[in-house]
Amino acid sequence: MSFLDKLEEIQNRPEPERKKIMAISLVVGMVLITAIWLVNFRYSIKTAEKTEEENKVPEPLSLIFSGAKNSAAELKNNVKEEWKKLKNIFSAESTAENFEKKETGQRIKPGIIIYERER
């Protein structure tokens, strides 16, 4: 008996019996579709949880604090570098002042000395 033969047999039955078959078929189909959907939904939730843990996005406050921490470290390094430069400038000035006392020269700006050459 093929599917078309079975369909003809159902069509030849009385209307209340056809409605009963239709209702049972509808319930069975919906139960199958819902079961498949639930299984896929559970699987997608598990996959989403694993992905969320792997690709966790930091919270805004932690981003702000880490940015502030990095900026503070960078500022500290810049201040150290500038302090070293200032030390070098002032040590060069004191050296130039000592040299100025030993040699004849004319002081134009702090740290810059122009010497006159004898001709």
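About the criteria used
- Residues numbered from 1 in each chain as written.
- Predicted model: local features only at pLDDT ≥ 70, side-chain atom pairs only at ≥ 80, totals over all residues.
- Heavy atoms only, no water.
- Helix = DSSP H or I, 4+ residues; strand = E, 2+ residues; numbered from the N terminus.
- Buried < 20%, exposed > 50% of the residue type's maximum accessible area, 1.4 Å probe, protein only.
- Areas by Shrake-Rupley, 256 points an atom, 1.4 Å probe, with all protein chains shown as cover.
- Patch = residues over 30% accessible without salt bridge, like charges linked within 9 Å, V, L, I, M, F, W, Y side chains within 5 Å.
- Salt bridge = Lys/Arg side-chain N within 4 Å of Asp/Glu carboxyl O.
- Lys, Arg positive; Asp, Glu negative; His and termini not counted.
- Charge placed at Lys NZ, Arg CZ, Asp CG, Glu CD.

Our next topic: the overall build of the chain. Within the chain one finds three helices and two strands. When the elements of the chain are put in sequence order from the N terminus, they spell out α-α-α-β-β. Per-residue burial over the chain gives 3% buried out of 119 residues. About 11500 Å² of surface is accessible on the chain, with carbon and sulfur atoms providing 61% of the total.

Attention shifts here to a positive patch on the surface. On the surface, a cluster of positive charge is made up of Lys 76, Lys 80, Lys 84 and Lys 87. Relative to the helices and strands, Lys 76 is located in helix α3 (residues 60-102).

Counting across every chain of the model gives four salt bridges. For the salt bridge of Arg 13 with Glu 17, the shortest nitrogen-to-oxygen distance reads 3.0 Å. Its relative accessible area of 34% is what places Glu 17 among the partly exposed residues. A salt bridge links Lys 85 to Glu 82; the nearest nitrogen and oxygen atoms lie 3.6 Å apart. Residue Lys 85 and its partner Glu 82 are both found in helix α3; the two are separated by three residues, about one turn of the helix. Taking relative accessible area as the criterion, Glu 82 reaches 42% and is therefore assigned partly exposed. Residues joined by salt bridges that share partners form a network here, namely Glu 9, Arg 13 and Glu 17.

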